[in-house]
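Listed below, chain by chain, are the residues.
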Amino acid sequence: MKEHIELTGKTVLVTGAAGFIGANLAKRILQEDSTVKVIGLDNMNAYYDVHLKEDRLKDLEQYANFTFVRGDLADKELIDSLFEEHHFAVVVNLGAQAGVRYSISNPDAYVQSNLIGFYNILEACRHFPVEHLVYASSSSVYGGNKKVPFSTEDKVDNPVSLYAATKKSNELIAHAYSKLYDIPSTGLRFFTVYGPAGRPDMAYFGFTNKLLAGDTIKIFNYGNCQRDFTYVDDIVEGIVRIMQGAPARETGEDGLPVPPYALYNIGGGRPENLLDFVTILQEELVRAGVLPEDYDFDAHKELVPMQPGDVPVTYADTKALEEDFGYRPSTTLREGLRKFAEWYKAFYM
């Protein structure tokens, strides 16, 4: 059961608001209803090019109902004061330290942001009740899961990176808080998000930078990786629908409350082979004029073995999202990469 949440005239908190998904989500909310106030929180860290984050923020600051707060999720006092001041109806927690490989060398950043930061958000939702907490989990929680497509019903107890472990722990702690304090919460397992103004540490973006510089791109697992790529607008559409449909508070057969807790995959549901993906990216970079027509791709490609923390296949089972919200991502890889290539040309060239 879902409880409909009317956003009109209310205030929404988006953490990670200068991030890739956060900025796109904030913009969509502000464009759709001028009565909704969005408070965007971000620490603007230098994990990747801060100019990109500043550019996304500049875009958001044209909206009168947007307020940006520069600060850290791990700062409990700040989080509490924001909740006390604004009485958020909905909180969308997208702020997190991202990246699988970075977690191998910088574990501290993940503990601060993804564990302590998320705990601070839950505590604030407990003391200053919200109608719905929506938070980013990740497809990486599926770890080395052999069964595909990945379903939210699958057991996910074998993370292969610290990043994945922090995301799984977010789901567990959210479940406990939903049960103990009746906080309606929904976790979203995102599958390989891409698009214009995305994260430079993602493969498609890094490949583009390297090809442009004449460097060689490394294709892991000798190209035998499959990823369920999801275009950023499709992710945002999913979040917007889910924000407005909180898990209903219900009583179980034992007469005790059932935790108002839900989990969804948001993915394309169509895994693409990494080599096919690289081919489409090349074609679209040439088409957009980022790379010359006669670029020798074969000279700039190297097939290499798997990396620690990586998984061979990601593939979302999106049945629950379709059944509960009537939605399934539909942007094709070519459409999405075309938009990325055109943006890259305009932004960097």
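Structure's up top.
The model shown is predicted, which means the values in this text are computed figures rather than measured ones.

Asks: I'd love a proper account of unusual backbone geometry, names of residues and values included.
Replies: V148 connects to P149 through a cis peptide bond whose omega is -5 degrees. Structurally, the position occupied by P149 is in the loop between β6 (132–138) and α6 (162–181). With phi around 55 degrees, D182 is a residue other than glycine that occupies positive phi space. Although it is not a glycine, Y222 adopts a positive phi angle of roughly 55 degrees. Along the chain, Y222 falls in the loop between β9 (217–219) and β10 (226–227). Classification of Y222 by relative accessible area gives partly exposed; the value is 45%.

Asks: Break down the layout of surface pockets for me, with residues and values.
Replies: Considered as a void within the structure, the second largest pocket measures approximately 320 Å³ in volume. As for the second largest pocket, its lining consists of 15 residues, of which N24, K27, D59, P196 and A197 are closest to the centre. Contributing elements (two or more residues each) for the lining of the second largest pocket: α1 (20–32), α2 (50–60) and α8 (232–243). At 6 residues, α1 tops the list of elements feeding residues into the lining of the second largest pocket. Taken together, the residues that form the lining of the second largest pocket break down as 7 nonpolar, 2 polar and 6 charged.

Asks: I'd like to hear about the packing of helix α7 (residues 203–213) against helix α9 (residues 274–287), residue by residue, with values.
Replies: Relative orientation of the contacting elements α7 and α9 amounts to 55 degrees, with a least axis distance of 11 Å. Classified by the interaxial angle, the pair formed by α7 and α9 is oblique. Once α7 is placed against α9, the crossing between them reads as right-handed. The segment α7 lies against α9, with Y204, F207, T208 and L211 engaging F277, V278, L281 and L285. Of the residues in the contact of α7 with α9, the class split is 7 nonpolar, 1 polar and no charged.

Asks: So what about the pattern of salt bridges? Which residues, and what values?
Replies: Summed over the entire model, instances satisfying the criterion amount to 19 salt bridges. Across the salt bridge formed by R338 and E284, the nearest N and O atoms sit 2.8 Å from each other. Note that R338 is positioned in helix α11 (residues 333–348) and E284 in helix α9, a separation of 54 residues in sequence. For E284, a relative accessible area of 1% corresponds to the buried category. Via salt bridges that share partners, R28, E32, E237 and R241 belong to a single interconnected network.

Asks: Please give an account of the packing of aromatic side chains that cites residues and values.
Replies: Here the structure, examined in full by the defined rule, presents 29 aromatic pairs. The ring of Y48 is capped by K53, whose NZ or CZ atom sits 4.7 Å from the centre of that ring.

Asks: Please provide a residue-by-residue account of the packing of helix α3 (residues 76–86) against helix α5 (residues 107–127), values included.
Replies: Running from N to C, α3 and α5 cross one another at 35 degrees; their axes reach a closest spacing of 9 Å. Where α3 crosses over α5, the handedness of that crossing is right-handed. On the side of α3, the interface is formed by K76, I79, D80 and F83, while α5 contributes N120, I121, E123, A124 and C125. Its residues placed into classes, the contact of α3 with α5 shows 5 nonpolar, 1 polar and 3 charged.

Asks: How would you explain the pairing of strand β2 (residues 11–15) if you had to name every residue and give the values?
Replies: Within β2, 5 of the 5 residues are buried, which leaves it mostly tucked inside the rest of the structure. A two-sided burial pattern is seen for β2, the buried positions comprising T11, L13 and T15 on one face and V12 and V14 on the other. Note that the unit made of β2, α1 and strand β3 (residues 37–42) has a crossover that is right-handed. Across 4 bridges, the pairing between β2 and strand β5 (residues 90–93) is parallel. By the bridge assignment for β5, L13 is matched with V91.

The rules we used
- Residues numbered from 1 in each chain as written.
- Predicted model: local features only at pLDDT ≥ 70, side-chain atom pairs only at ≥ 80, totals over all residues.
- Heavy atoms only, no water.
- Helix = DSSP H or I, 4+ residues; strand = E, 2+ residues; numbered from the N terminus.
- Buried < 20%, exposed > 50% of the residue type's maximum accessible area, 1.4 Å probe, protein only.
- 1 Å grid on protein atoms, 1.4 Å probe; cavity = no way out; pocket = protein on both sides within 12 Å on 5 of 7 lines; lining within 4 Å.
- Points joined across faces, edges and corners; volume = space filled by probe spheres on them.
- Nonpolar A, V, L, I, M, F, W, Y, C, P; charged D, E, K, R; others polar.
- Axes fitted to C-alpha atoms, helices over the stretch in contact; angles between N-to-C directions.
- Parallel < 35°, antiparallel > 145°, perpendicular 65-115°, else oblique.
- Left-handed = near helix turned anticlockwise from the far one by under 90°.
- Contact = heavy atoms within 4.5 Å.
- Salt bridge = Lys/Arg side-chain N within 4 Å of Asp/Glu carboxyl O.
- Phe/Tyr/Trp six-rings, centres within 6.5 Å; stacked < 30°, edge-to-face > 60°.
- Lys NZ or Arg CZ within 6 Å of the ring centre and 35° of its normal.
- Right-handed = clockwise from strand over helix to strand, strands pointing away.
- Pairing = 2+ DSSP bridges.

As far as function goes, none of this settles anything; it's purely spatial.
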